[in-house]
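# Coordinate inspection notes
So the chains spell out like this:
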Amino acid sequence: MSHIDVVSRSAGKLTVTPPLPHRRAVRLKRMTPYLLILPAVVLELLVHIVPSVAGVFTSLFDLNQFYLRQWFDAPFVGVSNYSVALNFSSSVGDALVHSFLVTILYAVVVVVFSWFLGFSGALILQQAFKGRGILRTIFLIPYAMPIYAGVIVWDFMLQRDNGLINHVLVNDLHILGQPAFWLLGNDAFISTAVVAIWRMWPFAFLMSMAAMQSIPEEVYEAAALDGAGPWRRTYHVTMGLLRPVTAVLLLMMFLWTFNDFNTPFVLFGTAPPPSVDLISMHIYTNSFVNWNFGLGAAMSVLMLVFLMIVTGLWFLWDRRGHRNGW
Amino acid sequence: MKLSKLAAAGAMAALAGASLIGCSSSSGSGSGSSLAGTTITYWATNQGASLQADKTILTPELNKFTKETGIKVNLQVLPWSTDDTKILAATVSGKGPDVLNFGNTDAWTFGATGALLPWTSSQLSQIGGSGKFIPNVLAAAGQAPYTSLPLYSQAYGLFYNKAMFSKAGLTPPTTWQELVSDAKKLTDASAQTYGMAIQGASVSENMHFAYIFARQNGGSPFNAQNQPTFTTAGNVNGLQQYINLMSSGLINPSDAQDSTGTLQMSQFAHGKAGMMMIQNDAIPALASLGMSTSQYGVVPIPAPSPLPAGGQDLASFVAGTNIAIFKNTPHLDAAIKFVNFMTSAAEQQVLDQKYQLLPVLSGASQGFISDPAIAQAFTSILNTKAQPLPLKANVEAYQQTVGSQLVTLIGKAATGSSVSTSAIQAAMQSAQAQMPAT
C-alpha cells in the first residue's frame with residue numbers, strides 16, 4: 001500500500017514542471033560526475049595518452065640529432081624503423097630479440113619468486129604472535145626505500161673484492177672457493193633478479209596480506225570441520241579466495257618488471273652485461289645514447305604492443321576464469 | 001547534450017593546455033639596454049670532487065663576474081649522468097640555459113643539433129679571437145664557425161708508483177712492450193698486487209682506450225665517407241693490445257666491475273697497482289686518498305715499438321670541457337661577456353689551479369698542477385701526443401657502442417674466458433651495426 005503511495009507521489013511530482021533554477025540544478029547534478037573526472041581525464045591525456053601517441057609518431061620519422069631542434073622537419077620514413085628493429089637477421093634485430101627474451105625470463109623469475117615470497121610471508125603473518133607488527137614493518141622496508149638508495153647498497157654488497165656477499169660466501173661460509181663476479185657474465189642476471197625480487201616481494205606481501213584479512217574466519221572453520229588439513233585449507237580456501245587479487249597482482253608485477261629500468265641502470269649504468277640487457281635499457285641506449293630516437297620509439301611501440309597483447313590475453317583468461325567459477 | 005559536454009571537456013582541456021604552454025613561454029624576458037641587472041643561467045658539468053665542491057669553487061668566481069659587469073649568474077651544476085639528457089631536453093624544447101659546458105667529445109654531437117650558437121668572427125673578437133686557444137685543443141671543438149670553445153683541458157697519462165718501481169728496479173716504460181714486462185714484474189696475484197689498474201666497467205674510459213690504441217695500431221674508427229670502420233685490423237689489434245693486459249693477469253680481475261674509478265684509484269693509492277692510465281683530474285682524487293704528487297710520476301702512455309703500419313705514437317686524445325652559448329638565449333651580449341670572463345687568462349689560471357686542470361690558452365704559464373714535473377708531462381702529452389676524437393656528429397654513438405662492447409670483452413677476459421681476435425671482431429661488428437646511419 002505504502003509502496004503505491006510513494007510511486008504515485010513521485011509520479012505526481014514528475015508531472016509538475018519544476019521551476020527554472022531547479023532544472024539547472026538537475027543538469028548540474030547530472031554533469032557532476034563528468035566534471036569530477038574531468039581533471040583526471042585531462043591529466044591522463046597529458047601524462048599518458050599524448051606522449052604515447054607522440055611516441056608512435058616519432059617511430060615513423062628518422063629523428064636524430066640533426067632534427068632534434070626542428071623535430072617537425074625530421075624526414076618521414078614510414079615503417080622503416082620497424083623493419084630495422086624487426087629484421088632478425090640483422091645485428092640490431094638480433095640484439096632486440098635477445099633483449100626481449102632476457103626480459104621475459106627476468107620478468108617471469110622476478111614475478112614468480114616475488115609472489116611466492118610475498119604470499120608465504122602474508123600467510124605466516126596471518127597467525128597472531130608477538131612481534132607481528134614489527135615484522136610486517138620490516139618486511140615493507142625494501143618497498144618503502146627509495147629505489148636508488150636500495151640498489152646502490154646492493155651494488156656495494158655485490159662488489160668482488162670488498163663486497164659483503166663475497167665476504168660471507170667465501171670467507172665466512174666457505175661456500176665459494178673464489179670470490180665471484182656478481183656483476184659480470186651470467187651471474188649478473190642472478191644478482192639483478194635478486195635485487196629486483198628484494199624490491200618487489202613486499203608489494204606482493206602487502207596485497208596478499210590485505211586480501212587475506214578479508215577472508216572470514218568461518219570459512220576456515222567450515223573447511224576444518226570438513227576435514228581439510230592446513231595444506232588443503234591454504235590451497236583451496238586461501239589461494240582460492242585470493243585468486244582475483246593474485247591474478248591482478250601477477251599482471252601488475254609482470255608489467256612493472258618487464259619495464260624495469262632502475263635496477264639495471266643503477267647497477268650497471270648504460271652498459272649492462274648481455275645477460276641483463278633488459279628491454280627498457282636497450283631502448284634507452286638506442287634513443288638517448290645513440291641519439292637514434294626514431295628507432296628507439298619504434299622499439300618502444302613494439303614493447304607496448306607486446307604488453308597490450310599480454311594484458312589482453314590476461315583479460316580473456318580472467319573472464320573465462322570467472323565464467324568457469326575458478 | 002552529449003556533444004555539448006564533449007565540447008565543454010574539450011574547452012577545458014584546451015584551456016589546461018594553453019595555461020601549461022603559457023607557463024613555459026613566460027620565462028626568458030628580453031635583456032634591457034644595459035646588461036647590469038641581467039641574470040643569465042649557467043649549466044656547469046661536474047668537475048670537482050662533488051657537486052657541492054663545484055659550487056664552492058665557482059660561486060666566488062661568478063660573484064667576481066657580477067661585480068665586474070653587474071650581470072648575475074644563476075649556477076646549476078650538472079652531474080655527468082644527467083648532463084646529456086638535460087641538454088637534450090633543452091635542445092628539443094628550445095628552453096635552456098644561456099651558457100653551458102659539456103665534455104668536448106660531445107661538442108660535435110651537440111653542435112650538430114643546431115641548439116648552440118655558432119660564433120661569428122665579430123663575436124669571437126669580443127673574447128679575444130679564437131687564436132688565444134692552443135690550436136690542438138681548439139681542434140677538438142671542430143672548425144669555424146665554432147659552436148663551443150675550450151674551457152678546461154685534460155689528457156691521459158700513465159701514472160706510476162715511484163716506490164714500487166724503484167723497489168723492482170724498474171724505470172718508467174717508453175714502449176708498450178716495456179709496459180707489459182714492467183707490469184709482469186710488479187704483479188704478485190697472491191699478494192693482490194698488480195701491474196696495472198683500470199676502470200673496466202666504464203664505457204667512456206674504455207672507448208678512450210679503444211681510440212688511443214686503435215690509432216697506435218694504424219686503425220681509425222671512421223673512414224673518409226664518415227662510415228664506421230670498427231672492424232678493421234688496426235682497430236681490432238688496438239683492442240687486443242688493451243684486453244691482453246687483463247687476459248694475462250696483469251690487472252686485478254675485480255677492476256672489470258669498476259665503473260667509477262673508485263677501486264682503480266684506491267688500488268693505485270694503496271700500492272696494490274703499480275700503474276694506471278687516467279686523466280689528470282685524478283690528481284686531486286689521489287690526494288684525497290693520501291697519495292701526494294711526490295709519490296708518483298707521469299709519463300705518456302707508450303705505443304708498441306716498432307709502430308705497426310700506419311700507427312701513430314698517440315698517448316691521449318684531447319680531453320676536456322667546452323663552453324657554449326645556447327642559441328635561443330635572450331641574453332646574448334651578457335652570455336658573450338660571461339664566456340669572455342671564463343676564458344680570460346686571469347680566470348683560467350684560478351680555475352685550472354682549483355680543479356688541477358691543464359691550460360687551454362696558448363702561452364699560458366704552466367705549473368697549474370702543483371708538481372712541475374707532472375704539469376710538464378701532461379702539457380707535453382697534450383701538445384705533442386694527443387689528437388681530438390674524430391670530428392663526426394655520431395661520435396657519441398661511437399663512444400657508447402664501442403665502449404659498451406669493450407666493457408663486455410674486459411668482463412670476459414676478467415672471468416677467465418680467452419678473448420680471441422675473432423671475438424673482438426664480432427663485438428666490433430655488432431657495435432658497428434648499432435651505429436645510426438649517417
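Within every chain, residues take consecutive numbers counted from 1 along the sequence as written. Chains and ligands are labelled by the order in which they are written, letters from A for the one and numbers from 1 for the other. Only residues with pLDDT of 70 or above have their local features reported here, since the model is predicted, and side-chain atom pairs are shown and tallied only from 80 upward, although totals for entire chains, interfaces and linings are computed over all residues.

With that settled, consider the interface of chain A and chain B. By the criterion used throughout, residues are in contact when their C-beta atoms, derived from the backbone, lie within 7 Å. Contact with chain A, which involves 33 residues of that partner, is made by 37 residues of chain B. When residues of the side of chain A that touches chain B are traced back to their parent elements, those giving at least two are α2 (20-58), α4 (91-124) and α12 (279-289) of chain A. For helices the rule is a DSSP run of H or I covering at least 4 residues; for strands it is a run of E covering at least 2, with both sets numbered from the N terminus onward. It is α2(A) that contributes the most residues to the side of chain A that touches chain B, six residues altogether. Note that Gly is not counted as nonpolar here; it falls among the polar residues with everything else outside the nonpolar set of Ala, Val, Leu, Ile, Met, Phe, Trp, Tyr, Cys and Pro and the charged set of Asp, Glu, Lys and Arg. Grouping the constituent residues of the side of chain A that touches chain B by class yields 19 nonpolar, eleven polar and three charged.

Our next topic: helix α15 (residues 372-384) of chain B. One less than the number of residues in a helix, times 1.5 Å, gives the span that helix is expected to have. Under the 1.5 Å per step criterion, the end-to-end length of α15(B) is 18 Å for 13 residues, consistent within 8% with the ideal 18 Å. On its buried side, α15(B) packs onto α6 (135-139), β4 (149-154), β5 (156-161), β8 (296-299), β9 (316-317) and β11 (386-387) of chain B.

A few words on the sheet that holds β5(B). All names here are of chain B. Two strands pair if DSSP finds at least two bridges between them. Taking strand neighbours across the sheet as the criterion, the four strands line up as β6-β7-β5-β8 in an open arrangement whose pairing is mixed. Two strands close off the open sheet at either side, each with one partner strand: β6 (194-197) and β8. Across the sheet, the mean angle separating the axes of adjacent strands is 25° when strand polarity is ignored. By the bridge criterion, five bridges tie β5 to strand β7 (residues 273-279) in an arrangement that is antiparallel. When the sheet's bridge partners are listed, Y156 is paired in β7 with Q279. Helix α8 (residues 176-186) rests against β6 and β7 of the sheet, and its axis sits at about 120° to β6. Running at roughly 135° to β7, helix α11 (residues 262-269) makes contact with β5, β6 and β7 of the sheet. Between N-to-C directions, angles span 0 to 180 degrees; the directions come from axes that are lines fitted to C-alpha atoms, helices contributing only their stretch in contact.

Attention shifts here to the nonpolar core. In terms of nonpolar packing, the biggest core is built from 186 residues, with F159(B), M196(B) and F338(B) touching the most fellow members. What F159(B) contacts, discounting residues up to four positions off in sequence, is F268(B), M275(B), M276(B), I278(B), A282(B), Y296(B) and V298(B). Take the buried Ala, Val, Leu, Ile, Met, Phe, Trp, Tyr and Cys residues, join any whose C-beta atoms are within 7 Å, and the set you get is a nonpolar core. Buried means a residue has 20 or more other C-beta atoms within 10 Å of its own C-beta, exposed means 12 or fewer, and partly exposed covers the counts in between; C-beta atoms are placed from the backbone.

This part is about the packing of helix α5 (residues 132-144) of chain A against helix α8 (residues 187-212) of chain A. All names here are of chain A. Between α5 and α8, the shortest axis-to-axis distance is 7 Å and the interhelical angle comes to 125°. Relative to α8, the element α5 lies oblique. Where α5 crosses over α8, the two elements pack in a sense that is left-handed. On α8, the residues that touch F139, L140, P142 and Y143 of α5 are W198, R199, P202, F203, F205 and L206. For the contact of α5 with α8, the per-class residue count stands at nine nonpolar, no polar and one charged. An angle counts as roughly parallel when it lies under 35 degrees, as roughly antiparallel when it exceeds 145, as roughly perpendicular when it falls between 65 and 115, and as oblique in every other case. Handedness of a crossing follows from how the near helix is turned relative to the far one, being left-handed for an anticlockwise turn of less than a right angle and right-handed for a clockwise one.

Turning our attention to the domain arrangement of chain B. Residues and elements named next belong to chain B. Splitting chain B by domain gives domain 1 (36-154 + 318-384) and domain 2 (156-316 + 391-433). Taking only C-alpha atoms, the centre of domain 1 and the centre of domain 2 are 28 Å apart. Residue-level contacts link 20 residues of domain 1 with 20 residues of domain 2. For the side of domain 1 that touches domain 2, the elements supplying multiple residues, two or more each, are α4 (107-112) and α15. With five residues, the single largest contributor to the side of domain 1 that touches domain 2 is α15. Of the residues contributing to the side of domain 1 that touches domain 2, the split by class is twelve nonpolar, six polar and two charged. Domain ranges listed in this record stem from an automatic or a database domain assignment.

Before going further, it helps to spend a moment on the domain arrangement of chain A. Its domain assignment divides chain A into domain 1 (19-58) and domain 2 (71-323). Taking only C-alpha atoms, the centre of domain 1 of chain A and the centre of domain 2 of chain A are 34 Å apart.

With that settled, consider the packing of α8(A) against helix α10 (residues 230-258) of chain A. All names here are of chain A. At a closest axis distance of 10 Å, the pairing of α8 and α10 adopts a crossing angle of 150°. For the element pair α8 / α10, the angle class is roughly antiparallel. The two elements α8 and α10 cross, and the hand of that crossing is right-handed. Taking contact as the criterion, the partners of A196, M200, A204, M207, S208, A211 and M212 in α8 are, on α10, T238, L242, V245, L249, M253 and T257.

Turning next to the pairing of strand β3 (residues 99-103) of chain B. Residue and element names in this part refer to chain B. β3 sits mainly inside the fold: four of its five residues count as buried. As paired elements, strand β1 (residues 39-45) and β3 share two bridges and run parallel to each other. If you follow Y42 over to β3, its bridge partner there is V99. Across five bridges, the pairing between β3 and strand β10 (residues 319-325) is antiparallel. By the bridge assignment for β10, V99 is matched with I325.

A few words on unusual backbone geometry. Look at the link from A144(B) to P145(B): it is a cis peptide, with omega at 0°. For P145(B), the position within the fold is in the loop between α6 and β4. A cis amide bond links S305(B) with the next residue in sequence, P306(B), at an omega value of -5°. Within the element layout of this structure, P306(B) appears in the loop between β8 and β9. Even without being glycine, H174(A) reaches a positive phi, approximately 55°. The phi dihedral of N226(B) falls on the positive side, at around 75°, and the residue is not glycine.

The subject of this paragraph is the sheet that holds strand β2 (residues 72-78) of chain B. Residues and elements named next belong to chain B. Read across the sheet, five strands follow the order β2-β1-β3-β10-β4 without closing on themselves; strand pairing throughout is mixed. The open sheet terminates on both sides in strands that have one partner only, identified here as β2 and β4. Geometrically, the sheet is characterised by an average inter-axis angle of 20° between neighbouring strands, direction not taken into account. Pairing of β1 with β2 involves seven bridges; the strand directions are parallel. Looking at the pairing, W43 lines up with Q76 of β2.

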